[in-house]
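Structural description and commentary
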Amino acid sequence: MKAIDFACRFLSRVQHDELSPAARLVLVAVAAGLEHKSDISQETGLSLSVCTTQLRLLSSFGELRCISPLAERYVLAPAGKERLRRLFDFHLPLHG
């Protein structure tokens, strides 16, 4: 698979995911290894308040797990890992 094919398929999957664009962006940022709210804000361009809202929302959905409330550090939870697995599995039907 060429890189452009991979990118197009991934973006198509992301586009059809039911999370809001901001939540999807935060989830992918955490999956990429960003744990701190400030790092996520800086890399995504989302404000700190939007990041806080999305991190807490994703945590309440079971997609993320807060590993340090004081430092506001998050990692993927099992549900978040499963969502990302589905986004990267191009052999499944788009809405399946």
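The following paragraphs examine the structure supplied in this document.

Side note on the packing of helix α1 (residues 3–15) against helix α5 (residues 78–88)
As a packed pair, α1 and α5 sit with axes 8 Å apart at the nearest point and diverge in direction by 130°. Our classification of the angle between α1 and α5 gives oblique. Taken together, the residues of α5 that come into contact with α1 (itself represented by Phe-6, Phe-10, Arg-13 and Val-14) are Arg-86, Leu-87 and Phe-88. For the contact of α1 with α5, a count of residues per class yields five nonpolar, no polar and two charged.

Quick word on the pairing of strand β2 (residues 73–76)
Along any regular strand, the residues point their side chains to alternate faces of the sheet. Relative to β2, strand β1 (residues 64–68) runs antiparallel, the two sharing four bridges. Bridging across to β2, Ser-68 finds its partner in Arg-73. Between β1 and β2, which pair antiparallel in sequence order, lie four residues; one of them, Glu-72, sits at a positive phi of approximately 50°.

Points about the pattern of salt bridges
Applying the stated criterion across every chain, the model contains eight salt bridges. Salt-bridge contacts for Glu-63 lead to Arg-83; the nearest nitrogen and oxygen are separated by 3.0 Å. Taken together, the residues Glu-63 in the loop between α4 (48–60) and β1 and Arg-83 in helix α5 connect sequence positions 20 residues apart. Given a relative accessible area of 6%, Arg-83 falls into the buried group. Among the ionic pairs, Glu-82 bridges to Arg-85, the shortest N-O distance being 2.7 Å. Taken together, the residues Glu-82 and Arg-85, both in helix α5 and three residues apart, mark about one turn of the helix. Each member of the salt-bridge network shares a partner with another, and the members are Asp-17, Glu-18, Glu-63 and Arg-83.

What counts and how
- Residues numbered from 1 in each chain as written.
- Predicted model: local features only at pLDDT ≥ 70, side-chain atom pairs only at ≥ 80, totals over all residues.
- Heavy atoms only, no water.
- Axes fitted to C-alpha atoms, helices over the stretch in contact; angles between N-to-C directions.
- Helix = DSSP H or I, 4+ residues; strand = E, 2+ residues; numbered from the N terminus.
- Parallel < 35°, antiparallel > 145°, perpendicular 65-115°, else oblique.
- Contact = heavy atoms within 4.5 Å.
- Nonpolar A, V, L, I, M, F, W, Y, C, P; charged D, E, K, R; others polar.
- Pairing = 2+ DSSP bridges.
- Salt bridge = Lys/Arg side-chain N within 4 Å of Asp/Glu carboxyl O.
- Buried < 20%, exposed > 50% of the residue type's maximum accessible area, 1.4 Å probe, protein only.

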